[in-house]
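Structure at a glance
Listed here are the chains, written in short residue letters.
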Amino acid sequence: MRGVPDRPLGLAPASIRDYRELARRRLPRQIFDYVDGGAYEESTLRANVADLNAIQLRQRVLRDVSKLELSTTVLGQELAMPLILGPIGMGGMLARRAEVQAARAAAEAGVVFCESTLSICSLEEVRAVTTAPFWFQLYVMRDRGVGEQLMERATAVGCPVLVLTVDLPVTGARYRETRNGLIGAQPVGKRLVQGLDFALHPSWAYSVGLRGRPHTFGNIASALPGAVTPRDFKAWIDSNFDPTVTWADLAWVREHWKGQLVLKGILDPEDARQAVDAGVDAIVVSNHGGRQLDDTSSSVTALPRVVDAVGNATEVLVDGGVRSGLDMVKMLALGARACLVGRAWAWSVAADGQHGVSHMLRIVRGELEVALSLTGAADVAALDRTVLLGEVAH
Ligand SMILES: Cc1cc2nc3c(=O)[nH]c(=O)nc-3n(C[C@H](O)[C@H](O)[C@H](O)COP(=O)(O)O)c2cc1C
């Protein structure tokens with residue numbers, strides 16, 4: 001039946017939000033908060049979701065919606081639906097070898113997985129489990145040799161697309177991580193509380209903490225000073241990520257990357273136009289899921305402004321706050337070619353590994369089908385602002 005996917009054994013999540021709740025129960029508090037949280041007062045994080053919710057869809061009736069077209073192309077690549085599993089650093093802290101599990105689920109569903117610079121599983125480990133093309137996301141580090149090696153490795157495993165994340169010249173403070181002791185030095189009492197929290201989540205502690213090799217950082221291991229815990233990791237990022245990066249550095253990327261290039265983290269129309277002038281193949285409208293600049297515009301608010309600024313000059317992708325197929329319809333209607341999801345796959349892999357991600361993707365697909373049917377729009381590629389109610393529509 002359209003819109004109602006099978007459930008994995010023993011779990012009855014019906015939505016992405018249900019997967020969030022399952023992840024909350026399964027993960028130690030500090031790991032759950034690492035995924036769930038945002039920067040500062042988390043106003044951008046909340047706005048990403050609230051602004052999407054506030055947009056209403058226009059219900060239309062008596063249109064033949066027996067045949068729907070969900071597939072599309074992004075950068076010439078066929079996708080079974082316009083969805084990409086976005087880059088998530090330290091994914092392997094959420095489930096054992098999580099990136100491998102997510103890449104498999106993405107390949108099975110006909111969507112793309114994007115590996116992060118900060119993934120636990122390496123590019124090569126992901127390549128070993130799937131023949132499907134996957135993308136690589138790069139952060140620029142002060143030691144340009146690290147980036148050059150990463151681009152070489154991504155090329156060697158056949159990644160067609162490099163996603164250069166440009167909204168993290170410095171890291172936004174995430175209060176939850178500070179409070180939970182995920183970062184920085186902690187007093188003994190705090191460490192005992194954390195130890196207890198791990199003990200109270202034995203299935204995570206055994207499966208991920210003990211057997212999952214969660215500190216391996218497969219892509220940047222050689223750049224790290226030995227074993228690095230999340231606690232030291234923030235300090236490592238702060239001293240190794242390069243805040244001097246400018247538009248001029250795209251020439252350096254182009255020199256070492258012959259595939260397609262996507263800039264992730266564009267929120268301003270002027271930056272979007274500059275990205276077009278720089279000749280990038282696509283941009284991702286994103287505020288890093290509300291994890292960087294707080295009190296800035298939500299992704300869905302920024303999206304139409306960026307789309308209006310760049311027209312058809314480049315492909316526009318978006319992420320931030322997508323929690324359902326209905327949210328996807330709204331983003332696509334506002335001009336996105338596809339949506340990336342971050343927390344949706346992070347929560348579902350934490351809750352139930354590859355099965356969780358596969359099931360989450362079936363849920364979203366079902367929601368997308370129903371939303372298309374009830375708005376009378378049969379083809380994702382043809383969605384436009386006329387499916388929306390209110391001022392953004394007409
Ligand atoms: C736990 C976590 C880790 C992330 N790590 C990265 C990363 O390594 N690289 C990156 O470009 N974006 C990273 N992001 C941002 C996501 O790619 C994406 O922009 C964001 O999650 C989208 O918002 P959503 O979570 O509401 O879907 C991360 C997001 C989360 C939640």
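Use the structure listed above.
Quick look at the overall build of the protein chain
A tally of regular secondary structure across the protein chain gives 15 helices and 12 strands. Expected size for 394 residues packed as a compact globule is a radius of gyration near 21 Å; at 20 Å, the protein chain falls within 12% of this value. Each principal axis of the C-alpha atoms in the protein chain carries an extent, and together these give about 65 × 50 × 40 Å. For the protein chain, the residues scored as buried account for 55% of the 394 residues in total. Here the contacts in the protein chain between residues at least 6 apart in sequence split such that 74% fall between residues at least 24 apart. Placing the 42 positive and 44 negative side-chain charges of the protein chain at their respective mean positions leaves the two points 6 Å apart.

A short note on the site of the ligand
Taken together, the neighbourhood of the ligand is formed by 21 residues, with Pro-87, Gly-89, Ser-116, Thr-165 and Asp-319 sitting nearest. Between the ligand and Pro-87, the relevant distance is 2.7 Å, taken from an oxygen atom to a main-chain nitrogen or oxygen of the residue. Here the ligand loses 99% of its free accessible area of 600 Å² to cover by the protein chains. Its residues placed into classes, the shell around the ligand shows 6 nonpolar, 10 polar and 5 charged.

Here's the deal with the sheet that holds strand 11 (residues 338-341)
In spatial order, the strands read 4-5-6-7-8-9-10-11; together these 8 strands close into a barrel with parallel pairing. If you compare each strand with its neighbour and ignore which way they point, the axes differ by 30 degrees on average. Of the strand pairs in this sheet, strand 9 (residues 282-285) and strand 10 (residues 315-319) are connected by 4 bridges, and their pairing is parallel. Residue pairing in the sheet places Ile-283 in a bridge with Val-316 of strand 10. Against the sheet, helix 6 (residues 144-156) touches strand 6 (135-138) and strand 7 (161-165), its axis set at about 175 degrees to strand 6.

Examining the state of the cysteines
The tally for this structure, following the rule as stated, stands at 0 disulfides. Sulfur of Cys-121: no disulfide; nearest cysteine sulfur belongs to Cys-159 and is 14 Å away. According to the relative accessible area criterion, Cys-121 is buried, its value standing at 0%. Cysteine Cys-339 is unpaired, with the sulfur of Cys-114 as its nearest cysteine sulfur at 15 Å. By relative accessible area, Cys-339 is classed as buried at 0%.

A short note on the packing of aromatic side chains
Summed over the entire model, instances satisfying the criterion amount to 7 aromatic pairs. Between Phe-217 and Phe-233, the aromatic rings sit 4.3 Å apart at their centres with planes inclined by 25 degrees, giving stacked as the arrangement. Of the two residues, Phe-217 is situated in the loop between helix 9 (202-210) and helix 10 (230-240) and Phe-233 in helix 10; the sequence distance between them amounts to 16 residues. Residue class for Phe-217 comes out buried when judged on its relative accessible area of 1%. Put simply, the rings of Tyr-139, Phe-217, Phe-233, Trp-236 and Phe-241 touch in pairs and so form one group of aromatic residues. Across the ring face of Trp-252, the terminal group of Arg-144 is positioned such that the distance to the ring centre comes to 4.9 Å.

Some points on helix 6
Given 3.6 residues to a turn, an α-helix orients residues that are three or four positions apart in the same direction. Helix length check: helix 6, at 13 residues, gives a terminal C-alpha distance of 18 Å against a target of 18 Å (1.5 Å per residue), a fit within 8%. Residues of helix 6 that are buried include every one of Arg-144, Val-146, Gly-147, Leu-150, Met-151 and Ala-154, and no others. Buried residues of helix 6 fall within an arc of 155 degrees about the axis and therefore sit on the same side. The exposed residues of helix 6 that point more than 90 degrees off its buried face are Glu-152 and Ala-156.

Focus on the pairing of strand 10
Burial within strand 10 is extensive, with 5 of its 5 residues counted as buried. Burial along strand 10 is two-sided: the residues Glu-315, Leu-317 and Asp-319 and Val-316 and Val-318 are all buried. Note that the unit made of strand 9, helix 13 (residues 299-310) and strand 10 has a crossover that is right-handed. Note that strand 10 and strand 11 share 3 bridges and pair parallel. Bridge pairing links Val-318 to Cys-339 in strand 11. Each parallel crossover has a hand, and the one from strand 10 via helix 14 (residues 325-333) to strand 11 is right-handed.

Reading the values: rules and limits
Residues numbered from 1 in each chain as written. Predicted model: local features only at pLDDT ≥ 70, side-chain atom pairs only at ≥ 80, totals over all residues. Heavy atoms only, no water. Helix = DSSP H or I, 4+ residues; strand = E, 2+ residues; numbered from the N terminus. Rg over C-alpha atoms; globule rule 2.2 N^0.38 Å. Buried < 20%, exposed > 50% of the residue type's maximum accessible area, 1.4 Å probe, protein only. Contact = heavy atoms within 4.5 Å. Lys, Arg positive; Asp, Glu negative; His and termini not counted. Charge placed at Lys NZ, Arg CZ, Asp CG, Glu CD. Near = heavy atom within 4 Å. Polar contact = N/O pair within 3.5 Å; in protein donor to acceptor, adjacent residues only side chain to side chain. Areas by Shrake-Rupley, 256 points an atom, 1.4 Å probe, with all protein chains shown as cover. Nonpolar A, V, L, I, M, F, W, Y, C, P; charged D, E, K, R; others polar. Pairing = 2+ DSSP bridges. Axes fitted to C-alpha atoms, helices over the stretch in contact; angles between N-to-C directions. Disulfide = S-S within 2.5 Å. Phe/Tyr/Trp six-rings, centres within 6.5 Å; stacked < 30°, edge-to-face > 60°. Lys NZ or Arg CZ within 6 Å of the ring centre and 35° of its normal. Expected span 1.5 Å × (residues − 1). Arc of directions from axis to C-beta. Right-handed = clockwise from strand over helix to strand, strands pointing away.

So far we have only geometry, and geometry alone does not tell us how the molecule works.
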